[in-house]
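An overview of the molecular structure
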Amino acid sequence: MVIKFILILLFLPSLAYSAASESICYGTTNNGKLEGGVELPKSGKNFQSYSSIGNLMGRTFVHSKVLSVILKSYSKLESSCPEKFFMYGETGWREGGRFKPHKTHQNGLSVDFMVSVLKSDKSVYLPTSPLNKFGYSIEFNNHGEFEEYKIDFEAIAAHLVELHKEAKEQGIDIWRVIFAPELQPFLLKTRNGKYLKENLEFLKKRSWVRHDEHYHVDFKVECQKM
């Protein structure tokens, strides 16, 4: 009993520090690292991870501020879009650094969000499995269609708006959004299109991968030099 009490006293300060401390990001998204990364939960009322395997492998860690923004945004979407479902993809390692096959995702500020989709006009999760590289090998056409699934541009737009508003409220920002250029006009035609056009920076040219089955968001947080 005495030994157990001593062990609790020894570990209590570190546990308290871990719970209260904020992550520290270093460098940039494509040349950086992360201290005190936190893991996204596997699921919630209106969201889930792209892969339980990805979670087990430690591929879903982010900066603590980014985690807070993501979770609070999902919470707000429960009220504003109660019938919609959302899915996040890969984010990064607990300590950041090179994150193959991604060129960025190195300092806890890059997050992939798998596209929200409709099936028979109902919101469903994108079908992800090892057979389609956990959703990353799915190819939507230029109208946002794949087999019986259609990209839910209204849901994505609403999500981006909540992410931006929550980020600003927490004293950070969104640096850029990467989404297939040929699909961006559909986002701008949604009810939130005007807000997106005025407040978010979309990469206009095509990235090294298409970004049609997911949209990549880089958050803007003050980081330390490498």
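First, a word on scope: everything that follows refers to the structure included in this document. (Residues numbered from 1 in each chain as written. Predicted model: local features only at pLDDT ≥ 70, side-chain atom pairs only at ≥ 80, totals over all residues. Heavy atoms only, no water.)

**Some remarks on the sheet that holds strand 7 (residues 110-114)**
Note the threshold: Any two strands with at least two DSSP bridges between them are considered paired. Strands here mean DSSP runs of E at least two residues long; helices mean DSSP runs of H or I at least four residues long; both are numbered from the N terminus. Axis definition: a line fitted to C-alpha atoms, limited for helices to the stretch in contact. Angles are taken between N-to-C directions and run from 0 to 180 degrees. Any two residues whose heavy atoms approach within 4.5 Å are treated as being in contact.
What the five strands build is an open sheet, ordered 4-6-7-13-12; its pairing is mixed. Edge positions in the sheet fall to strand 4 (47-49) and strand 12 (173-178), since each has one partner strand and no second. For this sheet, the mean angle separating the axes of adjacent strands, direction not counted, is 30°. In the sheet, strand 12 pairs with strand 13 (residues 214-220) via five bridges, with the strands oriented antiparallel. Bridged to Asp-173 within strand 13 is Lys-220. The strands touched by helix 4 (residues 153-169) within the sheet are strand 6 (86-88), strand 7, strand 12 and strand 13, with strand 12 carrying the most contacts at an inclination of about 155°.

**Some details on the sheet that holds strand 10 (residues 145-146)**
The strand order across the open sheet built from four strands is 9-8-11-10, with neighbouring strands paired in antiparallel fashion. Among the strands making up the open sheet, the edge pair consists of strand 9 (122-124) and strand 10. Here strand 8 (residues 117-119) runs beside strand 9; their pairing, made up of three bridges, is antiparallel. From the neighbouring strand, Leu-118 faces strand 9, where its bridge partner is Ser-123.

**A few points about the packing of helix 3 (residues 64-80) against helix 4**
Cut-off, in case you're wondering: Oblique is the label for every angle not falling under 35 degrees (roughly parallel), over 145 degrees (roughly antiparallel), or within 65 to 115 degrees (roughly perpendicular). By convention the crossing between two helices is left-handed if the near helix lies anticlockwise of the far one by an angle smaller than a right angle, and right-handed if it lies clockwise. Polarity classes work like this: nonpolar for Ala, Val, Leu, Ile, Met, Phe, Trp, Tyr, Cys and Pro, charged for Asp, Glu, Lys and Arg, and polar for all others, with Gly in that last group.
Running from N to C, helix 3 and helix 4 point in directions that differ by 130°, and their axes come no closer than 9 Å. The orientation of helix 3 with respect to helix 4, classified from their angle, is oblique. Here helix 3 and helix 4 pass one another in a crossing that is right-handed. Between helix 3 and helix 4, the residues in contact are Val-69, Ile-70, Lys-72, Ser-73, Tyr-74, Lys-76, Leu-77 and Ser-80 and Ala-158, His-159, Glu-162, Leu-163, Glu-166, Ala-167 and Glu-169, respectively. Of the residues contributing to the contact of helix 3 with helix 4, the split by class is seven nonpolar, three polar and five charged.

**Thoughts on the pattern of salt bridges**
To keep things clear, this is the line we draw: Basic side-chain nitrogens of Lys or Arg form a salt bridge, by our definition, when they fall within 4 Å of a carboxyl oxygen of Asp or Glu.
All told, the structure shown has ten salt bridges when counted by the stated rule. Where Asp-173 meets Lys-168, a salt bridge forms, and the shortest distance between an N and an O atom there is 3.4 Å.

**Considering the nonpolar core**
Rules: Only buried Ala, Val, Leu, Ile, Met, Phe, Trp, Tyr and Cys residues count toward a nonpolar core, and they belong to the same one when joined by side-chain atoms within 4.5 Å. Burial classes: relative accessible area under 20% of the type maximum marks a residue as buried, over 50% as exposed, and values in between as partly exposed (1.4 Å probe, protein chains only).
Phe-113, Val-115, Leu-160, Leu-187 and Phe-219 are the most contacted members of the largest nonpolar core, which has 51 residues in total. Going through the elements one at a time, helix 3, strand 6, strand 7, strand 11 (149-151), helix 4, strand 12 and strand 13 are the ones with two or more residues in this core. In terms of residues, this core owes the most to one element, helix 4, which gives nine residues.

**Looking at unusual backbone geometry**
The amide bond that connects Lys-100 to the next residue, Pro-101, takes the cis arrangement and shows omega of 5°. You can see Pro-101 is positioned in the loop between strand 6 and strand 7. Within the chain, Asp-121 stands out as a residue other than glycine whose phi angle is a positive 65°. At Phe-134, a residue that is not glycine, the phi angle is positive and equals roughly 55°. Within the fold, Phe-134 resides in the loop between strand 9 and strand 10.

**Description of the pairing of strand 2 (residues 31-35)**
Taken residue by residue, a regular strand's side chains alternate between the two faces of the sheet. Here strand 2 shows a clear split, with Gly-32 and Leu-34 buried on one side and none of Asn-31, Lys-33 and Glu-35 buried on the other. Two elements, strand 1 (residues 24-28) and strand 2, share five bridges in a ladder whose sense is antiparallel. By the bridge assignment for strand 2, Gly-27 is matched with Gly-32. Between strand 1 and the antiparallel strand that follows it, strand 2, lie two residues.

**Describing the state of the cysteines**
Note the following rule: Disulfides are defined as pairs of cysteine sulfur atoms found within 2.5 Å of each other.
This structure, assessed with the given rule, holds one disulfide. The partner cysteine of Cys-25 in its disulfide is Cys-223, sulfur to sulfur 2.0 Å. In this structure, the disulfide formed by Cys-25 and Cys-223 twists by about -95° around the S-S bond and is classed as left-handed. Here Cys-25 is found in strand 1, whereas its partner Cys-223 is found in the segment after strand 13, with 198 residues between them in sequence. For Cys-223, a relative accessible area of 24% puts it in the partly exposed group.

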